[in-house]
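Structural characterization, general
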Amino acid sequence: NRVEVLVLDEADRMLDMGFIHDVRRIVSAVPKKRQTLFFSATLPHDIRTLAHDILSDPVRVEGTPTATTVDKVAQSVCFVGKGEKFTLLQKLLRDPAIGRALVFTRTKHGANKLAKQLNGVSVRADAIHGNKTKSERERALEDFARGRIRVLVATDIAARGIDVEGITHVFNYDLPNIADSYVHSIGRTARAGASGAAVSFC
């Protein structure tokens, strides 16, 4: 009852991850008289509806320019049939230059399946996505950061929270449909002046 400022960050991702009901519960519990700050990379219909419901007389500030990829990321694309993706990924991961790899899939089920397949061919991997508990996500990130696993398979939604040093390669196993998502995913490599590589399967 003493909240004066409510900040909702990554609002589009919160909705994607199914947190809309939690957000509405929080909004209904805080005082009506407050300042609300609402941040979102994209403004789809659901986000505009939520903004209309929780903001009063809002001022819209749009960041420019739109997100662009980092210069030090070497970007490439591999044209590959859906059934051949795993074979190709397995082959590419044999490269010793790949120290720590982040692999993006479109679905949670796809992330789990791919991590299991990789472990089945002796590539240490784990998956991270919205259906995992907070402790499971933290453990996977910790294992990845400490080098206990070489590959972290993630959904695009989980990408925002991944800030691990030394990611040499990002693989878009499933190419994202939204340009901003592509920029965010490949931005997990080539950080703090380092160089990196992003490979997209198409």
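These remarks concern the structure in this document. In this text the structure is predicted, and so the values were computed from the model without any measurement.

What counts as what
- Along each chain, numbering runs from 1 in the same order as the chain's sequence is written.
- In keeping with the predicted nature of the model, local features appear solely for residues at pLDDT of at least 70, side-chain atom pairs appear and are counted solely at 80 or more, and the whole-chain, interface and lining totals rest on all residues.
- To obtain the side-chain values, all non-hydrogen atoms of the structure were used and water was disregarded.
- Any carboxyl oxygen of Asp or Glu that lies within 4 Å of a side-chain nitrogen of Lys or Arg is treated as forming a salt bridge with it.
- For the purposes of this entry, the term helix denotes a DSSP run of H or I that reaches at least four residues, the term strand denotes a run of E that reaches at least two, and both are numbered from the N terminus.
- Relative accessible area decides the class of each residue, using a 1.4 Å probe on protein chains only: under 20% of the type maximum gives buried, over 50% gives exposed, and in between gives partly exposed.
- A pair of strands is considered paired only if DSSP assigns at least 2 bridges between the two.
- A fitted line through C-alpha atoms represents every axis, and for helices the fit uses only the stretch in contact; the resulting angles, taken between N-to-C directions, go from 0 to 180 degrees.
- Working rule for contacts: check all heavy atoms of both residues, and any pair within 4.5 Å makes them a contact.

Moving on: the pattern of salt bridges. Under the defined criterion, the tally for this structure stands at 5 salt bridges. Note that Asp 53 and Arg 24 form a salt bridge whose closest N and O atoms lie 3.0 Å from each other. Within this pair, whereas Asp 53 is found in helix 3 (residues 45–54), its partner Arg 24 is found in helix 2 (residues 20–29), the two being separated by 29 residues in sequence. Residue class for Asp 53 comes out partly exposed when judged on its relative accessible area of 44%. For the salt bridge of Glu 142 with Arg 146, the shortest nitrogen-to-oxygen distance reads 2.4 Å. The class for Glu 142 is partly exposed, based on a relative accessible area of 35%. You can call Arg 146 exposed: its relative accessible area is 58%.

Spatial ordering of the open sheet is given by 3-8-7-4-6-5, a layout of 6 strands whose pairing is parallel. Looking at the sheet topology across the chains shown, the edges are occupied by strand 3 (73–78) and strand 5 (125–128). The mean angle between the axes of side-by-side strands here comes to 20°, regardless of whether they run parallel or antiparallel. Pairing between strand 4 (residues 101–105) and strand 6 (residues 151–155): 5 bridges, direction parallel. Note on strand 6: the bridge partner recorded for Thr 105 is Thr 155. Contacts from helix 4 (residues 85–92) reach strand 3, strand 4, strand 7 (169–172) and strand 8 (196–201), with the element oriented near 160° to strand 8.

Function-wise, these values are silent; they only describe arrangement.
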